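# Per-entry structural report
The chain contents come next:
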Amino acid sequence: MVEQIAQRTYVAESIAAVKREQGLPTTDESQEEAVMERAGDNAEQFDVDANLVKAIFRLLIELNKVEQRESR
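Calculation criteria
Residues numbered from 1 in each chain as written. Predicted model: local features only at pLDDT ≥ 70, side-chain atom pairs only at ≥ 80, totals over all residues. Heavy atoms only, no water. Helix = DSSP H or I, 4+ residues; strand = E, 2+ residues; numbered from the N terminus. Expected span 1.5 Å × (residues − 1). Buried < 20%, exposed > 50% of the residue type's maximum accessible area, 1.4 Å probe, protein only. Arc of directions from axis to C-beta. Polar contact = N/O pair within 3.5 Å; in protein donor to acceptor, adjacent residues only side chain to side chain. Salt bridge = Lys/Arg side-chain N within 4 Å of Asp/Glu carboxyl O. Patch = residues over 30% accessible without salt bridge, like charges linked within 9 Å, V, L, I, M, F, W, Y side chains within 5 Å. Areas by Shrake-Rupley, 256 points an atom, 1.4 Å probe, with all protein chains shown as cover. Lys, Arg positive; Asp, Glu negative; His and termini not counted. Charge placed at Lys NZ, Arg CZ, Asp CG, Glu CD.

## Here's the deal with helix α3 (residues 50-71)
The first and last C-alpha atoms of α3 sit 31 Å apart over 22 residues, in line with the 32 Å expected at 1.5 Å per residue. Buried within α3 are the following residues: A50, V53, L60, I61, N64, K65, E67 and Q68. Looking down the long axis of α3, one finds its buried residues gathered within 160 degrees of arc, a one-sided arrangement. The exposed residues of α3 that point more than 90 degrees off its buried face are N51, L59 and E70. Between the side-chain oxygen of the N-cap and the backbone nitrogen of N51 there are 2.8 Å, and the N-cap of α3 in question is D49.

This is the structure:
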């Protein structure tokens, strides 16, 4: 799990570079909502508390936004 978080953070740096080149904002609320919806659906599929999974994903999204801001 920690390795996947590290990989996600690495990808955030690449995404920041693309967003910087294309003049896009760090935050994309529609994409964040889509991720949260998928996370909730996946949680239900595996019979895991959807609120817990969404809270974890919210933290991961915030971590990625911090990484993207620092990479800009």
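So, next bit.
## So, the side chain of T9
Within the secondary structure, T9 is located in helix α1 (residues 2-22). Judged by relative accessible area, T9 falls into the buried class, the value being 14%.

## Digging into unusual backbone geometry
Positive phi is not limited to glycine here, since D47 has a value of about 55 degrees. Considering the arrangement of structural elements, one finds D47 in the loop between α2 (29-45) and α3.

## A closer look at the pattern of salt bridges
Under the counting rule described, the total for this entry stands at 3 salt bridges. One salt bridge in this structure joins E32 and R58, with 3.1 Å as the shortest N-O distance. One end of the pair, E32, is in helix α2; the other, R58, is in helix α3, and 26 residues separate them in sequence. In this structure R58 comes out as partly exposed when scored by relative accessible area, which is 29%.

## Let's talk about a negative patch on the surface
The grouping of D28, E29, E33, E37, D41 and E44 at the surface amounts to a negative patch. Structurally, E44 is set in helix α2. Look at E44 and you get exposed, because its relative accessible area is 58%.

## Structural notes on α2
For α2, with 17 residues, the first-to-last C-alpha span of 24 Å sits near the 24 Å given by 1.5 Å per residue. Every buried residue of α2 is accounted for by E32, V35, M36, A39, G40 and A43. Burial along α2 is one-sided: seen end-on, the buried residues are contained in an arc of 135 degrees. Relative to its buried face, α2 has exposed residues pointing more than 90 degrees away, namely S30, E33, E37, E44 and Q45.

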